[in-house]
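Coordinates in review
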Amino acid sequence: MRLPDSWATRWPDFDGVVWYRLVWQAPANAPPLAVAIDYLNMAGAVYLNGTLLERDASLVEPLTRAWNTPRYRLLPAPLVHPGENTLLVRVSGLARYQPGLGGVVAGEPAALAASHASARLVRLDLQMFSLAVSATLGCFFFALWFMRRDEAAYGWFGLMTLAWCWVALNQVVTTPWPFADTDGWERANSIALIVYSAAYTMFILRYAERRLPRYEPMLWAAVLVGALVMLAVPVRLIAETRNVLTIAQACNFFVTSGAFVWFAARRGRTDQRIVAVSVAVFFAAGVHDLLTFVGVLDDNFYYGALTAQLQMIAMALMLAWRFVVTLRRVERFNDDLNLGIAAARAELGQTLTRQHELEVANARLAERVRLAHDLHDGLGGTIVSAIAEHEYAPGTLPEGRALAILKELRDDLRIIIDAASSQELGEYALAGQFGSLRHRLMRLFERQRVACHWTLDGIEGLRLPGARGLDLLRIVQEALTNVLKHSQASQASVELRRHGDTLWLAVTDNGIGFDSAEPSHGGAGMRSMRARAARLGGVLVVESTPGATRILLDMPLAPGASAPAAGVV
């Protein structure tokens, strides 16, 4: 027979051991010899003239998976006889997995060692490197998809690559572990190949930004059916089932690859065209591997696993292209953002300047209004009281009364100036302020024969900030001035009580009253009282009927007010 050989062509159902005998003639004083074997499938042993040269670990199930391992052995000189020499190769294999022996060469050791090193590099070392690259790529893109779920193409690429890693393990592993036998390994390997093919199709679709709503469920249904069939099929039908499923997934792979290359060439982006180049190479490797698998090519070498390195380069270039494009977008966005920030900053500066000018103008206007209210409630009340004195008692004012009126006007003016220049009215307490106000107003009430009763409860030692104290005094002053001017009352009362953290004020009289709901009633004085009550944070209530008018104020005390001292004045 000629090598390489697969005994499945002669004994289709034979599982077991086949011996291959190679005989050659060696001259006397022959130079050193070496022997190189391309492969033997699945496991075996080599004998020279009846002496064991090497043996795989397991020659029975679970068989050592040595089918892709090239062998080199320097023949010991004492074992090489002048004349006929016999090399026996024992091969343990299964008919459904192409059992047999590859090419065998005996010759000069240096040349065969170099040839063996080259074969080992391609069959094992590069396969291991490719496997490591594929596993790294799969984990990287799967983690990238996990962090960016909207990048579905990355997730499918990660699944595809990890499934391919299992397929590629078939090139380098030497045991069917974790399975009990070779059949278990082949079932799992075929299922991994089916999953890889479906995940590859999904990756290409998502990477091309396409969806096939009808085809995709059918694809995964076929994967499920194929996996179940591969698990359930009897051992004698594993080879036929595996061949059918492999050809089916190969057809899906070729259609997907061809469609993507056509799409990328006509309408694809730069990064898609980069990946399309690796797909085209992968397509060619797939054709070779399929022909080898079905026995059309007299070989057992598979190139598919090696092309993972080209995929690595293509995916790295794709990521670099996407990174550069994204970086340019970010740079353009940053430039636009900086311009927008500069414009917004300038506009904000202009707005703040205008707002500041408006606030200054409003503050000035508010200060003028407040000053006008203070003048109205203080000086205005004193002037009105003086006018009333002259009207009720013309020509009979006591000596020195005019001077007293001027001093009252001076005192009111001092209060206004102090409140405007400081937040504190002075060192005297609220009770002292009300005592002074009561002293001034009671003389007016007495001249007009109006009885006025004052009750101050719980405010001894209480101090308020200057503006708050002034507002409270002005409310009382304006309310009593209105009693003198408009009410025609004979009795009036002022009550100021502290209840915890609040002050309660009531000014009442028994005058003619007025309609408090009528908008025409209540001029500048009433508006001033309401404005002051609002600044104090309190509520001003006006109740009026013929014979009774009451002005009520309920206001909170400022934080940190002094403790009260109970008492009624």
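Residues numbered from 1 in each chain as written. Predicted model: local features only at pLDDT ≥ 70, side-chain atom pairs only at ≥ 80, totals over all residues. Heavy atoms only, no water.

What follows covers the pairing of strand E5 (residues 43–48). Of all six residues that make up E5, five are buried, and the element is covered over most of its length. Of the strand pairs in this sheet, E5 and strand E8 (residues 83–93) are connected by six bridges, and their pairing is antiparallel. Directly across from Tyr47, in E8, lies its bridge partner Leu88. Summarising the sheet, E5 and strand E6 (residues 51–55) pair through four bridges and their orientation is antiparallel. Within E6, the residue paired with Ala45 across the bridge is Arg55. Hairpin connection of E5 to E6: two residues between the antiparallel strands, including Asn49 at a positive phi of 50 degrees. (Buried < 20%, exposed > 50% of the residue type's maximum accessible area, 1.4 Å probe, protein only. Helix = DSSP H or I, 4+ residues; strand = E, 2+ residues; numbered from the N terminus. Pairing = 2+ DSSP bridges.)

Glancing now at the sheet that holds strand E9 (residues 100–101). With antiparallel pairing, three strands are arranged side by side in an open sheet as E1-E9-E4. Unpaired on one side and paired on the other, strand E1 (5–6) and strand E4 (40–41) mark the two borders of the sheet. Pairing of E4 with E9, which is carried by two bridges, proceeds in the antiparallel orientation. Residue pairing in the sheet places Asn41 in a bridge with Gly100 of E9.

A few words on the sheet that holds strand E10 (residues 104–107). Read across the sheet, three strands follow the order E7-E3-E10 without closing on themselves; strand pairing throughout is antiparallel. Each edge of the open sheet carries a strand with a single partner, namely strand E7 (71–74) and E10. Along the sheet, successive strands turn relative to each other by an average axial angle of 15 degrees, direction set aside. Pairing geometry for strand E3 (residues 34–37) and E7, over four bridges, is antiparallel. By the bridge assignment for E7, Val35 is matched with Arg73. Sheet contacts for helix H1 (residues 109–147): E3, E7 and E10; angle to E7, the most-contacted strand, approximately 160 degrees. (Axes fitted to C-alpha atoms, helices over the stretch in contact; angles between N-to-C directions. Contact = heavy atoms within 4.5 Å.)

Right, let's talk about the packing of aromatic side chains for a bit. Think of a pair of aromatic rings as described by two things: how far the centres are apart, and how the planes are tilted against each other in angle. Under the criterion given, the structure shown has 18 aromatic pairs. Summarising the aromatic geometry, the rings of Trp19 and Tyr47 are spaced 5.7 Å apart at their centres and angled 40 degrees between planes, so their arrangement reads as tilted. Pair noted here: Trp19 is in strand E2 (residues 16–26) and Tyr47 is in strand E5, with a separation of 28 residues, a long-range link. Three or more aromatic residues joined by ring pairs form one cluster here, namely Phe140, Phe141, Tyr154, Phe157, Phe203, Tyr207 and Phe260. Its guanidinium or amino end placed over the ring of Trp11, Arg10 lies 5.1 Å from that ring's centre, counting from NZ or CZ. (Phe/Tyr/Trp six-rings, centres within 6.5 Å; stacked < 30°, edge-to-face > 60°. Lys NZ or Arg CZ within 6 Å of the ring centre and 35° of its normal.)

This part is about H1. With 39 residues, H1 should cover 57 Å at 1.5 Å per step; its first-to-last C-alpha distance of 55 Å lies within 8% of that length. Roughly 45 degrees is the biggest bend found in H1, and it falls at Leu121. Put simply, Glu108 is the residue that caps the front of H1, since its side-chain oxygen is 3.1 Å from the backbone nitrogen of Ala110. (Expected span 1.5 Å × (residues − 1). Bend = angle between axes of the 7 residues up to and from the residue. Polar contact = N/O pair within 3.5 Å; in protein donor to acceptor, adjacent residues only side chain to side chain.)

A few words now on the packing of H1 against helix H2 (residues 152–169). Contact geometry for H1 and H2: axes closest at 7 Å, N-to-C directions at 155 degrees. By the angle class used here, H1 and H2 are roughly antiparallel. Here H1 runs over H2; the crossing is left-handed. Where H1 approaches H2, its residues Leu131, Ser134, Ala135, Leu137, Gly138, Cys139, Phe141, Phe142, Leu144 and Trp145 are matched on the opposing element by Ala152, Tyr154, Gly155, Phe157, Gly158, Leu159, Thr161, Leu162, Trp164, Cys165, Ala168 and Leu169. (Parallel < 35°, antiparallel > 145°, perpendicular 65-115°, else oblique. Left-handed = near helix turned anticlockwise from the far one by under 90°.)

The next subject is the pattern of salt bridges. Using the criterion set out here, one finds 16 salt bridges in the structure. Taking the shortest distance from any N to any O, the salt bridge between Asp56 and Arg71 comes out at 2.8 Å. Of this pair, Asp56 sits in the loop between E6 and E7 while Arg71 sits in strand E7, and the two are 15 residues apart along the sequence. Owing to a relative accessible area of 7%, Arg71 belongs among the buried residues under this scheme. The closest approach of N and O atoms between Arg269 and Glu209, which form a salt bridge, is 2.9 Å. Taken together, the residues Arg269 in the loop between helix H5 (238–267) and helix H6 (270–293) and Glu209 in the loop between helix H3 (182–207) and helix H4 (215–232) connect sequence positions 60 residues apart. Given a relative accessible area of 26%, Arg269 falls into the partly exposed group. Salt bridges sharing partners connect three or more residues here, namely Glu54, Asp56, Arg71 and Arg73. (Salt bridge = Lys/Arg side-chain N within 4 Å of Asp/Glu carboxyl O.)

With that settled, the discussion passes to the environment of Asn41. With respect to the helices and strands, the residue Asn41 is situated in strand E4. Between the C-alpha atoms of Asn41 and Thr69, which are 28 residues apart in sequence, the distance is 9.3 Å. Excluding its chain neighbours within four sequence positions, the residues that come into contact with Asn41 are Trp67, Val91, Ser92, Gly93, Tyr97, Gln98, Pro99 and Gly100. Here the side chain of Asn41 touches Tyr97 through a polar contact of 2.8 Å, landing on its backbone oxygen. A polar contact of 2.7 Å, which involves the side chain of Asn41, links it to the backbone oxygen of Gln98.

A separate point is unusual backbone geometry. The bulk of non-glycine residues show a negative phi, and the bulk of peptide bonds are trans. Here Leu3 and Pro4 are connected by a cis peptide whose omega angle stands at 0 degrees. By the element assignment, Pro4 lies in the segment before E1. Looking along the chain, the bond that leaves Trp177 and enters Pro178 is cis, with omega of 15 degrees. Relative to the helices and strands, Pro178 resides in the loop between H2 and H3. The backbone of Asn29 sits at a positive phi, close to 55 degrees, despite the residue not being glycine. As for its placement among the helices and strands, Asn29 is situated in the loop between E2 and E3. Taking relative accessible area as the criterion, Asn29 reaches 80% and is therefore assigned exposed. Its identity as a non-glycine residue notwithstanding, Asn49 has a phi of 50 degrees, on the positive side. Along the chain, the position of Asn49 falls in the loop between E5 and E6.

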